Structure formats: C-alpha cells, structure tokens
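# Observations on the model geometry
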Amino acid sequence: MRVIARIALGLLLVLVGLVYFFVVDGRVPRSTGFNPSIADIRRLADAPAEERPSAIEVEFLAEDRLPFFGLQAGLDIRGATMARSAFRLKSNWGDTIIDVGMDRYVAALFKTGEKFDDTSLARIGGAMVTARRIVVTHEHPDHLGYLPRSKSLDQLIPKLRLTREQIDATGQYMEDGKVPEAFRGVDPVPSKGFTSVAPGVVLIPAPGHTPGSVLFYVHMADGREVLFVGDIVWTMSNIRDQTGRSRLVQSFLMQTPESRPKTYEVLRWLISFMDQNPDVLVVPSHDDVYLRELVASGRLVQGFGPLKP
C-alpha cells in the first residue's frame, strides 16, 4: 500500500507541476531586450495638429466567449468576452484604418467570431474604400483576414502600409491559398526601425505574437498620446497583474504558436512604459469590457461614422 501511495503522490505532483507550467505560470521577466526609443517615436510622430487624428472610432465586429484563464495565465474559470474589433482614426488629412477584421468565410475557416455583425463588416468595408491609409497590427485572421478578400482590393492597394510578414500571410485567407496578385504592387514597410505611416501615426515592429506583429503610436490633434498594442495583451489585467498568457494557449490553442520569450519581452516593456507614461492611452484589440469603458468615457466612439461624401 505504501508503494501505491507513493506512486499516487508522485503522479499527483507531476500533474500539479504540469498544470502550473502550462496553465498557471504567466510570470513576466524583470528585464527586456525590447526597448524602442519613445523619444525617437515622438519626434517621428510630429506633424501639424490639423493633420493628426482628431477622434478614434471602434467597430465591434464579433466576439468569442471563453474562460478567463484563456486570456491570462491562472485558474480563473469566470467567463470572459473576447472582442473582435477594428479601429479608425479620423483626420482632416484622411482616415487611417487599424485592423480590418474578417468576413464570415474567414471566421468559419478559423472557427472564431461568434455573434458576427454583418452591418459592422459593411461599415468596415466602406471605410476601407474611403480611408487614406490602412494598416494592421498583425497577420491573424481577425485583424487581416478581410483585406485580401475585399472586392475593392485594387482600390485599397495604394493605401496599404504592411510588413513583408503581413503581406505573405494573406494567402491563407483565400480559397486557393495564394497571395492575391494585387499585393505584388505593395512596397513592404521595414520590419526594423520606426515608420511614419500617417501624420501622427508611427509603426513600431514588435515581433513575438506573430512574426509581423507591430504597435502603433498615435499623437492626436489635441496632444493626447495613444498606443495600439494589438494582441500583445488580450486583457488589460495582463498589464495590471504583470501576468501574460499561458503556455497552453501560446503553444497549443493559437492559430500559430507565438514566441513566449519575445511576446513577454514586449509585455515587460509595455508594463514599464505605462508606469512611466500613465497619461498614454493603451488600446488592446480584444478586451471587450475595457474597450466599452473607453466608449462610455468618450475616449473611443463606437461605430465607424458616416462615410465621407
């Protein structure tokens, strides 16, 4: 009996260790090799106030329900809503779209996007046609998937500022699996260094979640600073609790596994950046509760407004 008890205890300890390693451990490193110069970024974002964005709109295209431990490492089984969003920066210079979402074909293909809003998709499609600039935070379906499938793709190509990694990913959203011929005319944004993609808007490469992940720093017309972080965090509590996603999610439950070391380095930088720059508004893509709080407070406007004549 003692042998059986010891074996059972050993198996239990192994199980506990595996649960901790794959589900609970979300500790963020104390230091990071990801250190973009905010001073350089701010200089690059300098532009006449009348050309910089004056408002930020958000579209809630779809959502998914999952336990909270799917968003943040731990054992919290509470239900959480993961928003599928797109953003538009309104500007006299011309509007900038950040992320374009996905259509129903892509949502079904990747088994994501419950409560899909076709009206929201139509507004996003119309906004892409009238925008002056289109960018994405990374190459996952709910951020990029609608772009190569747009019936107006030829009109959109001159507006695009995409990295090589983002361009090369477009083929997976097409029925034939090929990058649309139209993308051959897109000159990729450098995957290193900072790039001004619109007045007041700077692209910051931040690979990790995907090879083509980027951040967008925005200097608003009224002087406010905004940082779009894509999927570096899925919930603002990743920053508050200094806890990232679990290895289970990162390695087995994502469309493609993310680099834990690189993603956690960007997260460590983001935590430190927010501590040093508390007035900067951080906008993640998927925190439904937080995004709706920003709408309620007036910092975001829900729904892409009337199209330009």
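Provided above is the structure to which this section pertains.
Residues numbered from 1 in each chain as written. Predicted model: local features only at pLDDT ≥ 70, side-chain atom pairs only at ≥ 80, totals over all residues. Heavy atoms only, no water.

## Section: the sheet that holds strand β2 (residues 79-90)
Defined as follows: Two strands pair if DSSP finds at least two bridges between them. In this text, helices come from DSSP runs of H or I with a minimum length of four residues, and strands from runs of E with a minimum of two, each type numbered from the N-terminal end. What makes two residues a contact is simply this: any of their non-hydrogen atoms within 4.5 Å. All axes are obtained by fitting lines to C-alpha atoms, using only the stretch in contact for helices, and the reported angles, taken between N-to-C directions, cover 0 to 180 degrees.
The mixed open sheet is built from five strands, whose spatial order is β4-β3-β2-β1-β10. The sheet is open, and its two borders are formed by β4 (133-135) and β10 (301-302), each paired with just one other strand. Bridging between β2 and strand β3 (residues 96-98) involves three bridges; their strand directions are antiparallel. Bridge pairing in β3 places L89 opposite T96. On the sheet, helix α4 (residues 118-130) packs against β1 (55-67), β2, β3 and β4 and is oriented at approximately 140 degrees with respect to β1.

## Description of the pairing of strand β6 (residues 201-205)
The condition that has to hold: Using a 1.4 Å probe on the protein chains alone, a residue whose accessible area is under 20% of its type maximum counts as buried, one over 50% counts as exposed, and one in between counts as partly exposed.
The buried count for β6 comes to five of five residues, which makes it a mostly enclosed element. Neither face of β6 is left uncovered, since the one carrying V201, L203 and P205 and the one carrying V202 and I204 both have all their residues buried. In this structure, strand β5 (residues 195-198) lies alongside β6, joined through three bridges in antiparallel fashion. Bridged to T195 within β6 is L203. Inspection of the sheet shows β6 paired to strand β7 (residues 214-219) by five bridges, in the antiparallel sense. Paired with I204 across the two strands is L215, which belongs to β7.

## What about helix α11 (residues 288-297)?
Inspection of α11 places D288, Y290, L291, L294 and V295 among the buried residues, and these make up the whole buried set. Residues of α11 that are buried in the fold lie against β1, β2, β9 (281-284) and β10.

## Regarding α4
Our working definition: A helix's residues, less one, multiplied by 1.5 Å, set its expected span. Whenever a nitrogen or oxygen atom comes within 3.5 Å of another N or O atom, the pair is scored as a polar contact, on the condition that within protein one atom can donate a hydrogen and the other can accept it, and that pairs from neighbouring residues in sequence are kept only if both atoms are in side chains.
With 13 residues, α4 should reach 18 Å at 1.5 Å per residue; the first-to-last C-alpha distance of 19 Å fits that figure. Against the buried residues of α4 lie β1, β2, β3, β4 and α6 (153-156). Capping the start of α4 is the job of one residue whose side-chain oxygen sits 3.0 Å from the backbone nitrogen of T119: D117.

## A short note on the sheet that holds β6
Across a sheet, strands are paired by hydrogen bonds formed along the backbone, either parallel or antiparallel in direction. Pairing in this open sheet of five strands is mixed, and the strands run β5-β6-β7-β8-β9 from one edge to the other. Either end of the sheet is taken by a strand with one partner, and the two such strands are β5 and β9. If you compare each strand with its neighbour and ignore which way they point, the axes differ by 25 degrees on average. Where β7 meets strand β8 (residues 225-230), four bridges bridge the pair, whose relative direction is antiparallel. Of the residues in β8, the one forming a bridge with H219 is E225.

## Structural notes on the side chain of H140
Within the secondary structure, H140 sits in the loop between β4 and α5 (141-144). If near-sequence neighbours (up to four positions away) are discounted, H140 is found in contact with G145, Y173, H209, T210, D231, Q255 and T256.

## Here we look at the pattern of salt bridges
Here is the rule: Each reported salt bridge corresponds to a side-chain nitrogen of Lys or Arg within 4 Å of a carboxyl oxygen of Asp or Glu.
Under the definition given, this model contains 22 salt bridges. One salt bridge in this structure joins D142 and R84, with 2.7 Å as the shortest N-O distance. In this pair, D142 sits in helix α5 while R84 sits in strand β2, placing the two residues 58 residues apart along the sequence. Like R84, D142 is buried. As a salt-bridge pair, D118 and R104 come within 3.0 Å of each other at their nearest N and O atoms. One end of the pair, D118, is in helix α4; the other, R104, is in helix α3 (residues 104-109), and 14 residues separate them in sequence. The exposure class assigned to D118 is partly exposed, which follows from its relative accessible area of 41%. Overlapping salt bridges, with partners in common, bring together D25, R27, R247 and R260 in one network.

## Some thoughts on unusual backbone geometry
Of note, K115 is a non-glycine position whose phi angle comes to about 50 degrees, a positive value. Its location among the elements puts K115 in the loop between α3 and α4. Here the phi dihedral of Q242 falls at roughly 50 degrees; this positive angle occurs in a residue that is not glycine. Mapping Q242 onto the fold places it in the loop between α8 (237-240) and α9 (247-253). The exposure class assigned to Q242 is partly exposed, which follows from its relative accessible area of 38%.

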